[in-house]
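# Working through the structure, step by step
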Amino acid sequence: HEDLADNLWHNPGEIPDDGLDNDGNGFVDDVHGIDPTTLNGDVSDTTGHGTHVSGTIGARGNNGLGVVGVAWRVQLMALKGLRLGNGKSSDLATCIDYARENGADMINNSWGSTRRKQLIAEAVAATHEAGILFIVAAGNKRLDNDIVPNYPSNYPFDNIVTVASHAPDGQLSDFSNFGEHSVHLAAPGFDIISTWGDSDN
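In space, the four strands of this open sheet follow the order β3-β4-β5-β6, with parallel pairing throughout. Each edge of the open sheet carries a strand with a single partner, namely β3 (106-109) and β6 (185-188). Going from strand to strand, the sheet's axes swing by 30 degrees on average, the running direction of each strand aside. Note: β3 against strand β4 (residues 133-137), four bridges, orientation parallel. Each residue of the ladder has a partner; that of M106, found in β4, is L133.

Structural data, given as structure tokens:
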């Protein structure tokens, strides 16, 4: 995408498009990130969600193109832990581990479930030990996370920042989860104009 390309993270140990695992980490051509289900670096967006979130975070600023992300010069590492909205715990944990092992300062997680998974808990615990901020969606089921835990947001680590959604009028979005003790803040999450997965502009 023209408004994201300059902000993509580059794996310094990988040679693009040579069909090899140059850095020996188990993934072929993982130049910008990984898809654990295919063990390669093809992170083509099949739902549009990841690209949309990436634009909200890091669309290039002051370039006369498209939209502007919160961080104009961020490095975006693409990690495809979900496929068409579904994913295995092992794939999500692999993505979290990959980000940690490759120097991420923070990891955005716009996904969640009411089911606690030990593999993911262990991956999040490792980010805590590494001092990485773990940004998590509160959830979109209108639930109180203090009563019905949402994961990964409700894992007990103080590097987790749980974010609810608010509407343009500043009120909590009618779909957003909430929680006096388990949700830390709200951010704009409705009617957001951003980049999209089936377009390059």
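Strand β5 (residues 160-166) sits mainly inside the fold: five of its seven residues count as buried. With four bridges joining them, β4 and β5 adopt parallel strand pairing. Of the residues in β5, the one forming a bridge with F134 is I160.

Membership of the largest hydrophobic core comes to 22 residues, with the highest contact counts inside it found for I96, I107, I120, V124, F134 and Y155. Secondary-structure elements contributing two or more residues to this core are α2 (89-101), α3 (118-130) and β4. No other element matches α2, which puts five residues into this core. Not counting residues up to four positions away in its chain, the partners in contact with I107 are I96, A99, T127, I132, L133, F134 and I135.

Right, let's talk about the environment of L133 for a bit. Looking at the secondary structure, you find L133 in strand β4. We classify L133 as partly exposed; its relative accessible area is 37%. Contacts of L133, omitting those with residues within four sequence positions, involve D105, M106, I107, N159 and V161.

Note on placement: L76 falls in the loop between α1 (49-58) and β2 (78-79). For L76, a relative accessible area of 11% gives the class buried. For the pair L76 and D6, spaced 70 residues apart in sequence, the C-alpha separation works out to 9.4 Å. Among residues more than four places away in sequence, those in contact with L76 are L4, N7, L8, W9, H32, S54, I57 and G58.

Quick look at the pattern of salt bridges now. Applying the stated criterion across every chain yields a total of two salt bridges. A salt bridge links R100 to D97, with the shortest nitrogen-to-oxygen separation between them at 3.4 Å. You can see R100 and its partner D97 sitting in helix α2, three residues apart, about one turn around the helix. Judged by its relative accessible area of 27%, R100 falls in the partly exposed class. Between E101 and R100 there is a salt bridge, with the nearest N and O atoms lying 3.8 Å from each other. A network of salt bridges, in which partner residues are shared, links D97, R100 and E101.

With that out of the way, let us pick up the packing of α2 against α3. Taken N-terminus to C-terminus, the directions of α2 and α3 make an angle of 10 degrees; their axes are 8 Å apart at the nearest point. On the basis of the axis angle, α2 is roughly parallel to α3. When α2 is examined against α3, the residues S89, S90, L92, A93, I96, D97 and R100 are found in contact with a partner set consisting of L119, I120, A123, V124, A126, T127 and A130. Each residue belonging to the contact of α2 with α3 can be placed in one class, and the counts come to nine nonpolar, three polar and two charged.

Rules used throughout
Residues numbered from 1 in each chain as written. Predicted model: local features only at pLDDT ≥ 70, side-chain atom pairs only at ≥ 80, totals over all residues. Heavy atoms only, no water. Pairing = 2+ DSSP bridges. Helix = DSSP H or I, 4+ residues; strand = E, 2+ residues; numbered from the N terminus. Axes fitted to C-alpha atoms, helices over the stretch in contact; angles between N-to-C directions. Buried < 20%, exposed > 50% of the residue type's maximum accessible area, 1.4 Å probe, protein only. Core = buried A, V, L, I, M, F, W, Y, C linked by side-chain atoms within 4.5 Å. Contact = heavy atoms within 4.5 Å. Salt bridge = Lys/Arg side-chain N within 4 Å of Asp/Glu carboxyl O. Parallel < 35°, antiparallel > 145°, perpendicular 65-115°, else oblique. Nonpolar A, V, L, I, M, F, W, Y, C, P; charged D, E, K, R; others polar.

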